[in-house]
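# Results of the structural survey
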Amino acid sequence: MTRRRSAGAVAASIVRNVLLNVAAVAGSICIILVVLAFAFHITLIMFRTGSMSPTIPTGSVAVVRQIPATEARVGDVVTVDRPGELPITHRVVSTTPGADGTVSLRLKGDANAEPDAVTYQVTTVRRVIWHAPGLAYAIVWMSQPLVIGGLTVGIAALVTWVLWPRREEGDDS
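From a predicted model like this one, the values you see are computed outputs, not experimental measurements.

### Focus on the overall build of the protein chain
Summing up its helical and strand segments, the protein chain has three helices and seven strands in all. Reading the secondary structure of the protein chain in the N-to-C direction produces α-β-β-β-β-β-β-β-α-α. In terms of C-alpha radius of gyration, the protein chain reaches 25 Å, well past the compact-globule figure of 16 Å for 173 residues. Across its three principal axes, the protein chain shows a C-alpha extent of roughly 85 × 30 × 25 Å. Across the 173 residues that make up the protein chain, the buried fraction comes to 24%. Taking all contacts inside the protein chain whose residues are at least 6 apart in sequence as the whole, residues at least 24 apart take part in 53%. With the model as given, the accessible surface of the protein chain reaches about 11,600 Å², and the carbon-plus-sulfur share is 66%. Of the charged side chains in the protein chain, 15 are positive and 12 negative, and the gap between their average positions amounts to 5 Å.

### Some thoughts on the packing of helix α1 (residues 7-40) against helix α3 (residues 145-163)
The interhelical angle for the contact between α1 and α3, taken along N-to-C directions, is 130°, at an axis separation of 9 Å. When the axes of α1 and α3 are compared, the pair comes out oblique. For the crossing formed where α1 meets α3, the hand is left-handed. Between α1 and α3, the contacting residues are A12, V15, R16, L19 and L20 on the first element and L158, W161, V162 and L163 on the second.

What counts and how
Residues numbered from 1 in each chain as written. Predicted model: local features only at pLDDT ≥ 70, side-chain atom pairs only at ≥ 80, totals over all residues. Heavy atoms only, no water. Helix = DSSP H or I, 4+ residues; strand = E, 2+ residues; numbered from the N terminus. Rg over C-alpha atoms; globule rule 2.2 N^0.38 Å. Buried < 20%, exposed > 50% of the residue type's maximum accessible area, 1.4 Å probe, protein only. Contact = heavy atoms within 4.5 Å. Areas by Shrake-Rupley, 256 points an atom, 1.4 Å probe, with all protein chains shown as cover. Lys, Arg positive; Asp, Glu negative; His and termini not counted. Charge placed at Lys NZ, Arg CZ, Asp CG, Glu CD. Axes fitted to C-alpha atoms, helices over the stretch in contact; angles between N-to-C directions. Parallel < 35°, antiparallel > 145°, perpendicular 65-115°, else oblique. Left-handed = near helix turned anticlockwise from the far one by under 90°.

Structure representation (structure tokens):
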């Protein structure tokens with residue numbers, strides 16, 4: 001004897017399957033992005049100042065790729081690490097090759113009237129390959145402990161609901 005499931009049970013089953021598949025695809029994408037980031041030396045940076053405005057406004061997130069400093073060209077927007085200070089991200093206005101494999105970069109923020117007061121002696125830089133205005137605010141908000149905790153509890157509840165064993169209608173056991 002076949003038993004028919006109610007419309008509500010069928011709908012709940014479809015919702016569970018869709019949510020489980022969406023979570024699986026999202027997890028797979030995250031894993032692929034992490035592998036690609038390591039393989040191609042790609043990271044994210046957040047802009048806390050307006051020195052690159054209006055091109056890259058405060059609160060933007062940029063995807064950057066580490067490259068040899070010899071590949072940096074005038075006009076590129078690059079991030080340079082500074083010992084003992086936060087990195088700086090500005091536009092390259094001149095490059096001078098050094099004798100020891102370093103490159104001397106002169107940088108200038110788009111919003112600044114003059115180039116930076118110092119030149120940067122570097123062997124590698126991180127070139128901006130893409131940016132999204134305003135995304136830094138969302139990332140900062142999402143990184144708060146209460147938000148992370150809430151998301152963790154919510155996802156755990158969703159997984160529990162999706163994977164919890166179901167009793168069929170009319171099943172007396």
